Amino acid sequence: MNDATFLKDFPIFSHQVGEKRLVYLDNAATNQHPACVLEAMDTYYRRWNANPHRGVYRLSSESTKLYEGARQAVADFIHSKSSDCIVFTRNTTESLNLLSWTYARMVLQKGDEIVIPVSEHHSNMVPWQQACKATGASLVFLYPDSDGIYSEEEIEKKISSRTKIVSFALVGNVLGLGLPAEKLIKKAHSVGAIVIADCAQSIGHTPLDVSDLDVDFAAFSGHKMFGPMGIGVLYGKWELLEAMPPFLTGGDMIEYVQEQESSFAPIPQRFEAGTPDVAAAVGLQAAIEYIKKIGYKTLREVEAEVTTYALERLSKFPWIKMYGKPLTGERKFPIITFTVEGIHPHDVASILDEDGISIRAGHHCAQPLMHFLQVPATCRVSFSIYNTKADIDALVVGLLHARRVFGYEH
Ligand code: PMP
């Protein structure tokens, strides 16, 4: 195996960006898709497309089987005790909004607190601001040190008997650091709070075992684990989901409808109003099979090699400032956030784009973290199984090009 072993699985890399080879370094935003995922979705539409759960005809029951099979595959993949605990949504954002509009509004009262780290993505922040506004509860923040590490003292200080919900990303999308999940979960449960794990950034890199971790809810998106856009997952403990009112209402989520009143379907259908994206569910199952075939261990090894190489090369330049503790190994995920002295991150990204290199620039949907770090915008590169050391070499050449454009010798 060399570092380009997996590149051939991804058809997008056989296309150029203009005259240039595509160097895709924005995997924390979304992954590219292996051919097996594209083929699974194509086959669904060519052979099995029909509305699931409704028709009595063969095509509809095949579609239902595929959709429910995908749900079971997700349940097995994340070690959920039952596929009833897997709700399909559109993405992580929708999964978290579902909880904000149902669970949070159901349990929160004035004086209660929701605790989240300040490094959270806006998707795990704005829904809680809204729930607090609606209920009179308060949003309390955990702050890291200047390297982005959360201390045990901070966790002990902020999570208290007032805390009803603790919600955090297992891996942060800006600094690429793993959060101290075990400590947060243990402390939250010791005060009777429930835990929501935002697994958007972790699911593409490391296994999720909801039973072992003992999280109450978990949310992630298919498109960050080689699956399609438009499908997300909300896992919830059975008794919690069962007690929750519906989020969106209409077809497919009811038991019986009268003129003025309706009763609702059991979980998970109660949370899946309207025609679902069956092709995306099928694509997600294919993505799960792809990850299982490679194995998270290999995935992590390939990514760690590229990340370590990138950290080594970028750290040679005094005009690059990297953010977050540059840990490698278990706690460091394949995300590097940096600024280039004298050049705005958007200019860096635009010049790299001329060289066929896609990187992210901006606030990365984490403005409170950027405020905490006292930097308005940064560049972010993030890697996946198909990135190679040649990609990092191209990045370095591109950054030197950007420096030249702005009048620096190197
Ligand atoms: N949480 C984290 C940690 C993320 O990185 C992202 C996506 N960047 C999200 C939530 C939102 O994911 P989506 O846009 O798929 O809803």
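Residues numbered from 1 in each chain as written. Predicted model: local features only at pLDDT ≥ 70, side-chain atom pairs only at ≥ 80, totals over all residues. Heavy atoms only, no water.

**Looking at the overall build of the chain**
And step 1. When helices and strands are counted, the chain shows 13 helices and 17 strands.
And step 2. Projected onto the principal axes, the alpha-carbon positions of the chain cover approximately 75 × 55 × 35 Å.
And step 3. The buried share of the chain, taken over its 410 residues, is 55%.
And step 4. Look at the contacts in the chain between residues 6 or more apart in sequence, and 71% of them connect residues 24 or more apart.
And step 5. When the accessible surface of the chain is totalled, it reaches about 17800 Å², and 52% of it is carbon and sulfur.
And step 6. If the 39 positive side-chain charges of the chain are averaged to one point and the 48 negative ones to another, these points end up 2 Å apart. (Helix = DSSP H or I, 4+ residues; strand = E, 2+ residues; numbered from the N terminus. Buried < 20%, exposed > 50% of the residue type's maximum accessible area, 1.4 Å probe, protein only. Contact = heavy atoms within 4.5 Å. Areas by Shrake-Rupley, 256 points an atom, 1.4 Å probe, with all protein chains shown as cover. Lys, Arg positive; Asp, Glu negative; His and termini not counted. Charge placed at Lys NZ, Arg CZ, Asp CG, Glu CD.)

**Details of the domain arrangement of the chain**
And step 1. Structurally, the chain comprises domain 1 (7-26 + 295-405) and domain 2 (48-292).
And step 2. Opposite the 31 residues of domain 1 that make contact, domain 2 presents 31 residues.
And step 3. Roughly 2700 Å² is buried in total at the junction of domain 1 and domain 2, and carbon and sulfur atoms are behind 64% of that figure.
And step 4. The interface formed by domain 1 and domain 2 contains zero salt bridges.
And step 5. Where domain 1 meets domain 2, there are 12 residue pairs in polar contact (both at pLDDT 80 or more).
And step 6. Those elements that provide at least two residues to the side of domain 1 that touches domain 2 are helix H10 (296-314), strand E14 (335-340) and helix H12 (367-373).
And step 7. It is H12 that contributes the most residues to the side of domain 1 that touches domain 2, five residues altogether.
And step 8. Looking at side-chain class alone, the side of domain 1 that touches domain 2 contains 17 nonpolar, seven polar and seven charged residues. (Domains from an automatic or database assignment. Buried area = accessible area lost by both parts, 1.4 Å probe. Salt bridge = Lys/Arg side-chain N within 4 Å of Asp/Glu carboxyl O. Polar contact = N/O pair within 3.5 Å; in protein donor to acceptor, adjacent residues only side chain to side chain. Nonpolar A, V, L, I, M, F, W, Y, C, P; charged D, E, K, R; others polar.)

**Here we look at a nonpolar patch on the surface**
And step 1. A surface patch of nonpolar side chains, amounting to about 220 Å² of accessible area, comprises Ile254, Val257 and Phe264.
And step 2. Of note, isoleucine 254 is situated in strand E11 (residues 254-257). (Patch = residues over 30% accessible without salt bridge, like charges linked within 9 Å, V, L, I, M, F, W, Y side chains within 5 Å.)

**Points about the pairing of strand E17 (residues 378-382)**
On a regular strand, one side chain projects to one face of the sheet and the next to the other, so that they alternate.
And step 1. With five of five residues buried, E17 is to be regarded as a mostly interior element.
And step 2. Residues Thr378, Arg380 and Ser382 of E17 are buried on one face, and the alternating residues Cys379 and Val381, pointing to the opposite face, are buried as well.
And step 3. With four bridges connecting them, E14 and E17 associate as antiparallel partners. Each bridged residue has a counterpart across the sheet, and for phenylalanine 338 the counterpart in E17 is cysteine 379.
And step 4. In this structure, strand E16 (residues 360-362) lies alongside E17, joined through three bridges in antiparallel fashion. Across the sheet, arginine 360 pairs through a bridge with arginine 380, a residue of E17. (Pairing = 2+ DSSP bridges.)

**Digging into helix H11 (residues 345-354)**
And step 1. Looking only at H11, the buried set comprises Pro345, Val348, Ala349, Ile351 and Leu352. An end-on view of H11 places all buried positions within 165° of arc, on one side of the element.
And step 2. Close packing links the buried residues of H11 with E14, strand E15 (357-358), E16, E17 and helix H13 (389-405).
And step 3. One or two steps after H11, the chain reaches glycine 356, where phi turns positive at roughly 85°. (Arc of directions from axis to C-beta.)

**Details of the site of the ligand**
And step 1. The full set close to the ligand counts 13 residues, and Thr93, Asp198, Ser221, His223 and Lys224 are the nearest of them.
And step 2. In this structure, an oxygen atom belonging to the ligand sits 2.5 Å away from a side-chain N or O atom of threonine 93.
And step 3. A distance of 2.6 Å separates a nitrogen atom of the ligand from a polar atom in the side chain of aspartate 198.
And step 4. Its free accessible area being 400 Å², the ligand has 88% of it covered by the protein chains.
And step 5. The class makeup of the residues in the shell around the ligand is two nonpolar, nine polar and two charged. (Near = heavy atom within 4 Å.)

**Things to note about the sheet that holds strand E13 (residues 320-323)**
And step 1. Strand order in the open sheet formed by four strands is E13-E14-E17-E16, with antiparallel pairing between adjacent strands. Strands at the two margins of the open sheet, each flanked by one partner only, are E13 and E16. Across the sheet, the mean angle from the axis of one strand to that of its neighbour is 30°, orientation sign disregarded. (Axes fitted to C-alpha atoms, helices over the stretch in contact; angles between N-to-C directions.)

**Notes on the sheet that holds strand E7 (residues 163-169)**
And step 1. One open sheet holds the seven strands; their spatial order is E4-E10-E9-E8-E7-E5-E6, and the pairing between them is mixed. Because the sheet does not close on itself, it has two edges, and the strands there are strand E4 (86-89) and strand E6 (138-142). Taken pair by pair, the neighbouring strands of this sheet meet at an average axis angle of 20°, ignoring direction.
And step 2. The pairing of E7 with strand E8 (residues 194-198) spans five bridges and is classified as parallel. Within E8, the position partnered with serine 167 by the bridge is isoleucine 196.
And step 3. Contacts from helix H3 (residues 92-107) reach E4, E7, E8, strand E9 (217-221) and strand E10 (232-236), with the element oriented near 150° to E9.

**As for the packing of aromatic side chains**
And step 1. The tally for this structure, following the rule as stated, stands at 12 aromatic pairs.
And step 2. Geometrically, the ring pair formed by phenylalanine 10 and tyrosine 290 is edge-to-face, given 5.7 Å between the ring centres and 85° between the ring planes. Note that phenylalanine 10 is positioned in the segment before strand E1 (16-17) and tyrosine 290 in helix H9 (residues 278-294), a separation of 280 residues in sequence. Per residue, the accessibility class of phenylalanine 10 equals that of tyrosine 290, and both read buried.
And step 3. Chaining the aromatic ring pairs together yields one cluster made of Phe10, Phe13, Phe226, Tyr290 and Tyr386.
And step 4. The aromatic ring of tryptophan 101 is capped on one face by arginine 105, whose charged end is 3.7 Å from the ring centroid.
And step 5. Directly above the aromatic system of phenylalanine 333 lies the positively charged group of arginine 300, at a separation of 4.2 Å from the ring centroid. (Phe/Tyr/Trp six-rings, centres within 6.5 Å; stacked < 30°, edge-to-face > 60°. Lys NZ or Arg CZ within 6 Å of the ring centre and 35° of its normal.)

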